[in-house]
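Structural characterization, general
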Amino acid sequence: MTTRPRFTVNRSSPSLWRVVFDNPPINLIDPVMIHGLQDLLTEIEASRRVTVLVFESANPNFFLAHYDLAADKAAFDALPSITGVDPWADFLIRLSKSPAVTISAIRGRARGSGSELALATDIRFASRERAILGQFEIALAAAPGGGPSTRLPGIVGRGRALEILLGGNDFNGDLAERYGYVNRAVPDAEFEDFVTRFAERVSRFDPHAIADVKRFVNAASLPPDDAFPPQMKAFWDACGRPALPALAGQAFQHGLQQHGEVELNLGEWVGTLAGPAKGAQP
Amino acid sequence: MTTRPRFTVNRSSPSLWRVVFDNPPINLIDPVMIHGLQDLLTEIEASRRVTVLVFESANPNFFLAHYDLAADKAAFDALPSITGVDPWADFLIRLSKSPAVTISAIRGRARGSGSELALATDIRFASRERAILGQFEIALAAAPGGGPSTRLPGIVGRGRALEILLGGNDFNGDLAERYGYVNRAVPDAEFEDFVTRFAERVSRFDPHAIADVKRFVNAASLPPDDAFPPQMKAFWDACGRPALPALAGQAFQHGLQQHGEVELNLGEWVGTLAGPAKGAQP
Amino acid sequence: MTTRPRFTVNRSSPSLWRVVFDNPPINLIDPVMIHGLQDLLTEIEASRRVTVLVFESANPNFFLAHYDLAADKAAFDALPSITGVDPWADFLIRLSKSPAVTISAIRGRARGSGSELALATDIRFASRERAILGQFEIALAAAPGGGPSTRLPGIVGRGRALEILLGGNDFNGDLAERYGYVNRAVPDAEFEDFVTRFAERVSRFDPHAIADVKRFVNAASLPPDDAFPPQMKAFWDACGRPALPALAGQAFQHGLQQHGEVELNLGEWVGTLAGPAKGAQP
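Residues numbered from 1 in each chain as written. Chains lettered and ligands numbered in written order. Predicted model: local features only at pLDDT ≥ 70, side-chain atom pairs only at ≥ 80, totals over all residues. Heavy atoms only, no water.

**A look at the overall build of chain A**
Scanning chain A from N- to C-terminus turns up 14 helices and eleven strands. Its C-alpha atoms give chain A a radius of gyration of 18 Å, within 12% of the compact-globule value 19 Å for 282 residues. Along the first, second and third principal axes, the C-alpha set of chain A runs to 65 × 40 × 35 Å. A fraction of 73% describes how many contacts in chain A between residues 6 or more apart in sequence connect residues 24 or more apart. For chain A, the accessible surface area stands at approximately 9,500 Å², while carbon and sulfur atoms represent 54% of it. (Helix = DSSP H or I, 4+ residues; strand = E, 2+ residues; numbered from the N terminus. Rg over C-alpha atoms; globule rule 2.2 N^0.38 Å. Contact = heavy atoms within 4.5 Å. Areas by Shrake-Rupley, 256 points an atom, 1.4 Å probe, with all protein chains shown as cover.)

**Quick look at a negative patch on the surface**
On the surface, E129, E190, E192 and D193 of chain A cluster together into a negatively charged patch. Turning to its location among the elements, E190 of chain A is positioned in helix α9 (residues 188-203). (Patch = residues over 30% accessible without salt bridge, like charges linked within 9 Å, V, L, I, M, F, W, Y side chains within 5 Å. Salt bridge = Lys/Arg side-chain N within 4 Å of Asp/Glu carboxyl O. Lys, Arg positive; Asp, Glu negative; His and termini not counted. Charge placed at Lys NZ, Arg CZ, Asp CG, Glu CD.)

**Section: the interface of chain C and chain A**
Each side of the interface is counted separately: chain C has 41 residues, and chain A has 39 residues. Buried area between chain C and chain A, summed over both chains or domains, comes out near 3,300 Å², and the portion from carbon and sulfur atoms is 57%. Here chain C and chain A share four salt bridges between them. Note that R184 of chain A and E163 of chain C form a salt bridge whose closest N and O atoms lie 2.5 Å from each other. Our count for the contact surface shared by chain C and chain A stands at 18 residue pairs in polar contact (both at pLDDT 80 or more). Looking at the side of chain C that touches chain A, the elements with two or more residues in it are α5 (148-151), α7 (158-167), α8 (173-179), α11 (229-240) and α14 (266-270) of chain C. Residue contributions to the side of chain C that touches chain A peak at eight residues, all from α7 of chain C. (Buried area = accessible area lost by both parts, 1.4 Å probe. Polar contact = N/O pair within 3.5 Å; in protein donor to acceptor, adjacent residues only side chain to side chain.)

**Brief notes about the relation of the copies chain C and chain A**
The transform that puts chain C on chain A rotates by 120° and translates by 0.0 Å along the axis, for an RMSD of 0.0 Å. What we have between these two chains is a three-fold relation. (Least-squares fit on C-alpha atoms with pLDDT ≥ 70 in both.)

**Some thoughts on the environment of A139 of chain A**
Assignment of secondary structure puts A139 of chain A in the loop between β9 (132-134) and α5 (148-151). Taking the C-alpha atoms as reference points, A139 of chain A and L119 of chain A, 20 residues apart in sequence, are found 20 Å from one another. Once residues within four sequence positions are removed from consideration, A139 of chain A is found in contact with L247, V270 and L273 of chain A together with F205 of chain B.

**Comments concerning the sheet that holds strand β6 (residues 101-106) of chain B**
Residues and elements named next belong to chain B. Strands sit in the order β1-β2-β3-β4-β6-β8-β11 across an open sheet of seven strands; the sheet is mixed. Among the strands making up the open sheet, the edge pair consists of β1 (2-4) and β11 (184-186). When the angles between neighbouring strand axes are averaged without regard to direction, this sheet yields 20°. Against the sheet, helix α1 (residues 31-47) contacts β1, β2 (7-13), β3 (16-21) and β4 (52-57), and its axis sits at roughly 180° relative to β3. Sitting on the sheet, helix α9 (residues 188-203) is in contact with β3, β4, β6, β8 (123-127) and β11, with an inclination near 160° to β8. (Pairing = 2+ DSSP bridges. Axes fitted to C-alpha atoms, helices over the stretch in contact; angles between N-to-C directions.)

**Topic: the interface of chain B and chain A**
With 39 residues of chain B at the interface, the matching set in chain A holds 41 residues. Of the roughly 3,300 Å² buried where chain B meets chain A, counting both sides, 57% is carbon and sulfur surface. Among the residues of chain B in contact with chain A, R201, R204 and F216 of chain B are the three that bury the most area, contributing 22% of the side total. Our enumeration of links across chain B and chain A arrives at four salt bridges. In this structure, the salt-bridge partner of R178 of chain A is E177 of chain B, at a minimum N-O distance of 2.8 Å. Here chain B and chain A share 18 residue pairs in polar contact (both at pLDDT 80 or more) between them. At the level of secondary structure, the elements contributing two or more residues to the side of chain B that touches chain A comprise β2, β8, α6 (153-156), α9 and α10 (207-221) of chain B. Among the elements that make up the side of chain B that touches chain A, the one with the highest residue count is α10 of chain B (eleven residues).

**Some thoughts on the sheet that holds strand β5 (residues 62-64) of chain B**
All names here are of chain B. Read from one edge of the open sheet, four strands run β5-β7-β9-β10, paired in mixed fashion. A single partner strand is all that each edge strand has here, and the edge strands are β5 and β10 (171-172). Where helix α4 (residues 113-120) meets the sheet, its contacts fall on β5, β7 (109-111) and β9 (132-134), and the angle it forms with β7 comes to roughly 90°.

**Observations regarding the packing of aromatic side chains**
The description of an aromatic ring pair uses the distance of the two centres, along with the angle that the planes make with each other. Residues and elements named next belong to chain A. Scanning the model with the defined rule gives 30 aromatic pairs over all chains in all. Ring centres of F171 and Y181 lie 5.9 Å apart, and the angle between their planes is 70°; on these two criteria the pair is classed as edge-to-face. With F171 in strand β10 (residues 171-172) and Y181 in the loop between α8 (173-179) and β11 (184-186), this residue pair connects regions lying ten residues apart in the sequence. Y181 matches F171 in its accessibility class, with the two residues each being buried. (Phe/Tyr/Trp six-rings, centres within 6.5 Å; stacked < 30°, edge-to-face > 60°. Buried < 20%, exposed > 50% of the residue type's maximum accessible area, 1.4 Å probe, protein only.)

**Remarks on the pattern of salt bridges**
Pairs may arise between side chains of opposite charge once their charged atoms sit close together. Scanning all chains against the criterion turns up 54 salt bridges over all chains. The salt bridge partner of R11 of chain A is E43 of chain A, with a shortest N-O separation of 2.8 Å. Remark: E43 of chain A occurs in helix α1 (residues 31-47) and R11 of chain A occurs in strand β2 (residues 7-13); sequence separation between them is 32 residues. Between R128 of chain C and E177 of chain C there is a salt bridge whose closest N-O contact spans 3.2 Å. One end of the pair, R128 of chain C, is in the loop between β8 (123-127) and β9 (132-134); the other, E177 of chain C, is in helix α8, and 49 residues separate them in sequence. Among the residues examined, E177 of chain C registers a relative accessible area of 8% and is labelled buried. Salt bridges sharing partners connect three or more residues here, namely R128, D174, E177 and R178 of chain A, R128, D174, E177 and R178 of chain B together with R128, D174, E177 and R178 of chain C.

**As for unusual backbone geometry**
Residue and element names in this part refer to chain A. Across the junction of P24 and P25, the peptide omega takes the value 5°, indicating a cis bond. Structurally, P25 is set in the loop between β3 (16-21) and α1. If you check the backbone angles, N27 has positive phi at about 55° while not being a glycine. Checked against the element boundaries, N27 lands in the loop between β3 and α1.

**Quick look at the pairing of strand β3 (residues 16-21) of chain C**
Residues and elements named next belong to chain C. Most of β3 is tucked away, with six of its six residues classed as buried. Sheet topology note: the strand β2 (residues 7-13)/β3 ladder contains five bridges and is antiparallel. The residue of β3 that forms the bridge with F7 is F21. Here β2 hands over to β3 after two residues, the two strands then running antiparallel side by side. The pairing of β3 with strand β4 (residues 52-57) spans six bridges and is classified as parallel. Residue W17 lies in a different strand from β4, and its bridge partner there is L53. Viewed along the sheet, the connection from β3 through helix α1 (residues 31-47) into β4 turns out right-handed. (Right-handed = clockwise from strand over helix to strand, strands pointing away.)

**Focus: the packing of α1 of chain B against helix α3 (residues 87-96) of chain B**
When two helices pack together, their arrangement is given by the angle between the helix axes and by the axis-to-axis distance. All names here are of chain B. Taken N-terminus to C-terminus, the directions of α1 and α3 make an angle of 30°; their axes are 10 Å apart at the nearest point. The angle between α1 and α3 falls in the class roughly parallel. Along this stretch, α1 crosses α3, giving a crossing that reads as left-handed. When α1 is examined against α3, the residues I34, L37, Q38, L41, T42 and E45 are found in contact with a partner set consisting of P87, W88, D90, F91, R94 and L95. (Parallel < 35°, antiparallel > 145°, perpendicular 65-115°, else oblique. Left-handed = near helix turned anticlockwise from the far one by under 90°.)

**Some words on helix α3 (residues 87-96) of chain A**
Because an α-helix completes one turn every 3.6 residues, residues spaced three or four positions apart along the sequence face the same direction. All names here are of chain A. For α3, the buried fraction is high: ten of the ten residues fall into the buried class. Taken together, the buried positions of α3 are P87, W88, A89, D90, F91, L92, I93, R94, L95 and S96. For α3, the side-chain oxygen to backbone nitrogen distance between the N-cap and W88 is 3.1 Å, and the N-cap itself is D86.

**Side note on the environment of R158 of chain B**
Checked against the element boundaries, R158 of chain B lands in helix α7 (residues 158-167). Residues R158 of chain B and A65 of chain B, spaced 93 residues apart in sequence, show a C-alpha to C-alpha distance of 25 Å.

**Quick look at α4 of chain B**
Counting buried residues along α4 of chain B, eight of its eight residues qualify, which places the element largely inside the surrounding structure. Residues of α4 of chain B that are buried: S113, G114, S115, E116, L117, A118, L119 and A120 of chain B.

**What to know about the side chain of S104 of chain B**
Residues and elements named next belong to chain B. Here S104 shows up in strand β6. A residue is classified by how much of its surface remains accessible, and S104, at 0% relative accessible area, is buried. A distance of 2.8 Å separates polar atoms of two side chains, one belonging to S104 and the other to T121. Not counting residues up to four positions away in its chain, the partners in contact with S104 are F55, F63, L117, A118, T121, I123, R124 and F125.

Without other data, these values stay purely geometric and don't point to any function.
Pasting the structure below:
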């Protein structure tokens, strides 16, 4: 087991590794975490022995809350990029092409870039009672930057993708399964066993055959890399317009990025941010 | 509120407009309605303030029954077309690219071109008990003209798309949700509140961010315009072959386009049109 | 009715034919069956009268078990190929483009190439209690050869496709419906009536309109032919590496291709083949 800042890596076996996010209080994604994840991918790409990589969380309420909006932008900009694009897009593009089978084991909240990470993995399992997914960025006056607008249509279909992204609401385990946002929702009492059984099973399969399947499925369904950089640009552009800082400022005052009601019910809560409905015109 | 022939426009707020179809007895789509909808789209495209457009119905049994098969073809052909293609395809192409978030709030029946309109909107919500969707054209010896053959695979997947189009059956709210034909089916008692809450929420979001999301999702999932005109041609060609007029003639005699059993159960009923199963060969 | 080796053809009517697989004990697919199916497709393509083709099974436990791993490779290689590619890919490509509406009526197990055949048909109905689908090849150290890696993403979405193919597990009727792997699961007591009613209904529809719909849906969703040959090559390559013969040898010793526990629970069982999980690294 290796403990890095923000997460632990359990090398359960040479072919099965598990990343356990642990960045109290709510598992925000920040440049330090991204850097650690980039290094981990590099290690996996080089090892050629890891066939399954599970992402999970030490916090039963938060898988990955979202990006740390208070993070130092300079630290983010200083992150490496193998593909030459924005570091977060770079990481997600690499993740989606990992030689390992990547599995998001979602207990707790996976919103914003936490949802983006899950969507860039191969398979998403959710705790039926504890998982909550969502892309709430629209409520902060931004389009999500990490590519869910590109990935979701091929996962949940065009109509549900538009609802997820334009509504900015929370999706619990049951609804996320009905929409296809996750592969399936599993009762929380069985969740850990279910994930472990699946991951161990796949980790014993032939790496050559796994690579073949991923290659063919990717050829049929992996979005082109160049779809992603314009979305990062649109997100950072939104950060530079007046609306986002104003809304985020309000949200911070009410408890954004703290363990509390705002983050627990963020999808619902952000709907109240922009004020009441404008009055009807006569 | 503006009352046009065939529908009313409720300008609930500068950013949220609601179209209420009202063309008794069963909300048929005809050239007058299409012309009104074309004008409305033009108004919305010009306004740049409408961010949400809801389509709903004054008739709890019919969202939009289907195209008026008795409508004057010359009146249809005289409709304007911005993109230069058949006016109905032109309208649906423009609708699917509207700067506003378009929502079909489906209570009652949405069949044929009524289903096509719903499929060209961004998001489809259905009353669990009252909604019925279907593309029954195949039973009248025609392929649907307004593009569901192109849109459905990206919404419900290839297999379910083929069943909907080749079976020509009705799909109630529950089945439509399981297939992904609608985003979700909501209990009728909660339906109006649910739609209003969602629409008002989205209408308060930042128009720039909404436009970004729609642009990225469209790049990933909006079918190319040139897929649509051949389907309109195939439909009109079918109207010129003997089978469709003969079948439609039978249907009119039994009550097609009247408020009654035939229209209420059209999916089931059209299955009886072409006569009993041919006898088994020895 | 014509009885061929491996299956019977019921010509219920000039427009509705039903293939009943009957290759005891477990409906393995072998070169003789493929040759018969190729001839049948040729007959249907020439007839221009068959509008619906149903595939079903005489064995309530097995729709199509999978490819006969003990079959003579020379007999397979000697099969004709219209498109010039591997005969199994050739058959599936032709099947997916058949002028007839093709329906898989799945009672019992449809695994491996049995699942591939079902995925190449237009519509999949499943008995809720009796159907089991799966692609177990990964557990034998092979990527499936007949193209499910290409077809599944457009049917169940990318994430579920990866799980089906990389997990190699069984999917019962209920789960197959939730994933979209089948159009819907129907209670077994109603299954035969449901399929017959649907098939007879469609068989009375206009062949010209059916051809139009299939043409438009295919344009939007049929994968390109050249996606398939590399997958057959990868499968045969896997057969030539040491892992597959070793694993298949183990499986044959335990009862593979016999009517018994191994074939009845193959998805679960193959997970035990490659040995226990490797020990954790300190």
